[in-house]
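Remarks on the overall topology
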Amino acid sequence: MSTIRLTVAQATMEYLKKQYTERDGQEQALFAGCFGIFGHGNLAGFGQALQQTPDFRYYLVRNEQAAVHTAVGFAKMKNRLSTFACTSSIGPGATNMLTAAAGATINRLPVLLMPGDIFAQRTVAPVLQQLESAQSQDISVNDCFKPVSKYWDRINRPEQLITALPEAMRVLTSPADTGAVTLCVPQDVQAEAFDFPLEMFEKRVWHVPRPRPDKHALKRAADLIRSSRKPMIIAGGGVIYSEAEQVLKELVHLTGIPVGETFAGKGSLPYNDPHNLGATGATGTEGANVFSNAADVVIGIGTRYSDFTTASKTAFQNSDVKFININITEFDAYKHGGLALTGDARVIMEELISELKDYKVEEAYRNKAAEYNLSWDEKVAQAYKAEEKDLPSQSEVLGAVNEFMEAEDVVLCASGSAPGDLHKLWRTRSSKGFHLEYGYSCMGYEISGGLGAKMACPDREIYVILGDGGYLMMPSEIVTSLQEGYKLTIILIDNNGFASIGGLSKSIGGEGFGTKYAYRNKQTGQLDGDPLPVDLAMNAESLGARVFKASDIPSFNQALKEARKEERTTVIHIHTVPERKMAGYGYAWWDVPVAEVSKSESVQKARESYVEQKKNQRYFF
Ligand SMILES: Cc1ncc(C[n+]2csc(CCOP(=O)(O)OP(=O)(O)O)c2C)c(N)n1
Ligand SMILES: [Mg+2]
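This structure is a prediction, so every number in the text was calculated from the model and none was measured.

Rules used throughout
Residues numbered from 1 in each chain as written. Chains lettered and ligands numbered in written order. Predicted model: local features only at pLDDT ≥ 70, side-chain atom pairs only at ≥ 80, totals over all residues. Heavy atoms only, no water. Salt bridge = Lys/Arg side-chain N within 4 Å of Asp/Glu carboxyl O. Helix = DSSP H or I, 4+ residues; strand = E, 2+ residues; numbered from the N terminus. Donors = N, O, S within 2.8 Å, 3.2 Å for Na, K, Ca; no water. Near = heavy atom within 4 Å. Polar contact = N/O pair within 3.5 Å; in protein donor to acceptor, adjacent residues only side chain to side chain. Areas by Shrake-Rupley, 256 points an atom, 1.4 Å probe, with all protein chains shown as cover. Core = buried A, V, L, I, M, F, W, Y, C linked by side-chain atoms within 4.5 Å. Buried < 20%, exposed > 50% of the residue type's maximum accessible area, 1.4 Å probe, protein only. Contact = heavy atoms within 4.5 Å. Pairing = 2+ DSSP bridges. Axes fitted to C-alpha atoms, helices over the stretch in contact; angles between N-to-C directions.

Before going further, it helps to spend a moment on the pattern of salt bridges. Close approach of charged atoms allows side chains with opposite charge to pair. One pass over the full model with this rule turns up 34 salt bridges. Arginine 212 is paired through a salt bridge with glutamate 351; the nearest N and O atoms lie 2.7 Å apart. A residue pair is termed long-range when its members are at least 10 positions apart, and arginine 212 in the loop between β11 (204–207) and α8 (215–226) and glutamate 351 in helix α14 (residues 345–355) qualify at 139 residues.

Take the coordination of the magnesium ion (ligand 2) next. Coordination of the magnesium ion (ligand 2) by the protein is provided by Asp468 (OD), Asn495 (OD1) and Gly497 (O), with metal-donor distances spanning 2.0 Å. Counting gaps between the donor residues of the magnesium ion (ligand 2) yields the pattern D-x26-N-x1-G. With aspartate 468 in helix α19 (residues 468–473) and asparagine 495 in the loop between β21 (489–494) and α21 (499–507), this residue pair connects regions lying 27 residues apart in the sequence.

Once that is clear, we can look at the site of ligand 1. Around ligand 1 there are 15 residues in total, and Ser417, Asp468, Gly469, Gly470 and Ser500 lie nearest to it. Methionine 443 has a polar backbone atom sitting 3.3 Å from a nitrogen atom of ligand 1. In the model, an oxygen atom of ligand 1 is placed 2.6 Å from a nitrogen or oxygen of the serine 500 side chain. When the free accessible area of ligand 1 is taken as 580 Å², the share hidden by the protein chains comes to 77%. Every element with two or more residues in the shell around ligand 1 is listed here: α19 and α21.

This part takes up the nonpolar core. Phe35, Cys86, Val111, Leu113 and Phe145 are the most contacted members of the largest nonpolar core, which totals 53 residues. For valine 111, the contacting residues outside a window of four places in its chain are Val68, Ala71, Val72, Thr83, Phe84, Cys86, Ala104, Leu172, Gly179, Ala180 and Val181. Ala222, Leu277, Leu341 and Ala369 belong to the second largest nonpolar core, which has 50 residues in total.

Our next topic: the sheet that holds strand β14 (residues 276–279). One open sheet accounts for 6 strands, arranged β14-β13-β12-β15-β16-β17; its pairing is parallel. With partners counted over all chains shown, the strands left at the sheet margins are β14 and β17 (339–342), one partner each. On average, each strand axis in the sheet is tilted by 20 degrees relative to the strand beside it, whichever way the strands run. Across 5 bridges, the pairing between strand β15 (residues 297–301) and strand β16 (residues 322–327) is parallel. Across the sheet, the residue bridging to isoleucine 301 is isoleucine 326, located in β16. Packed on one face of the sheet, α8 meets β15, β16 and β17 and runs near 130 degrees to β17.

In structure tokens:
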């Protein structure tokens, strides 16, 4: 057997750069490079290896959490077929990645984490940043990655790499199993040499399959759909990851089955397709919620049925409702006692189309969906309309961005009150034009995830929608975007605190407690003093961004035009009123428990309504 003598870290990089994915005949590198921050736990190992492997590009980031978000934003735009590796030092560098690793796994998006780990040799323990355990010498902070990783391993001997790496690649490239994959490599092992078999470094293509459904299950599903009078499709992220938008369109145009879209699935159909009811669930449109309430057969395609999608299990009230779940992940396909069509969304819909040639919903049902599609768009137009007030509302700002943008541009967001407004109000014209990280809804994803999206699609303009809270959580990757020459347009919506959680607090009787950015008030002892003298626009400018300060919608529109001409990352800062125009619609509800006992009257009242709403919650068998 021919071998080559390399360190563990060198062998890792040599291996990673030879990994490819292929689907539908299209091949791409599985890894576009490696993000990282060096410390004593990875400098001499992975750092040295990256330095001598310039064809596997290293990107210095500002925060390890951000690195993982960036990889995830990239992977989402690439439909999970390509991602990044992320390396960190030991200790805090490693645990900084935990938050975003959980986000990757929850969102079913691939990312490879390579945190350094404490010495395998143990002689020098405890090393700087080592978590000591009196109970075991086989524990480090990296064990925290176990529950958030789809595959986790620790490379204690060089030859373990030979079997660990293929397992890691298998999971990363599996559309059913993908998520965060963690390979912990002790700092001494990284630098250790071994005679690795040369074959290990040959090009390897991971073919990403489109599994077909069980044919009996398909027949049963077609029979169930044919017997239904009020079917509805819930389109989730799986439609988009499977690149099934065209086939979905064919299916719904053939059958007339209307579609509600989840956060990850928004854009599965263009917003103005008459079958598109728009956002579904807790942040749903009137039409989507009316239809889901009465549906007798719900066809979930590529959805996890998160509580936002099911309005905390209150969205489906037909006592005979049945579910058909088309999902690559068996775990999801079986949810809600569903008839499971486990496999690829695109091929399963293709097969369903041939089974349903003779099926159509009643004309009146189809027409009703089309009416809701139009009437909702009138509400959107209302919400977009600028009103002459002191400060614009968020929906006016979003409307201005939407009306300015080109069809191929991308809006990207993750947390705060904007995701709900975007879900309801965004007129999505291209399938990947709506990029919401709403599985983990992680404050801090916005700029770093936006950078990943831009790296994946450098020809598309990326509009990052970001609150002041989200900005303060992690503005750091503005710097990385400048370093790498990837332009973002960041719309910074400043409302002095948490409009989202403030509103939620009011809805549970809490009066917005602890959600405003203000000085501590010496009289009340609370955070309800004067506004803080924070200038986020200046902050962004100091990080190197081009900054525009808008004071109203006309100046905001002007800033959008100027920003478009810029080549570097641009921030448009605008103050808005925290109150939102778009409240919940129809049956929209989100289960956030209200205190069962309280001296506050508003809490007591909120509890009463909570108990009422809770009665609508259902189990499905
Ligand atoms: C890392 C993280 N911490 C806490 C939360 C809970 N949370 C959701 S939205 C939000 C406030 C966001 O504030 P901002 O970005 O200003 O948006 P706004 O609510 O004002 O629209 C918080 C604290 C979260 N989603 N992520
Ligand atoms: Mg805010």
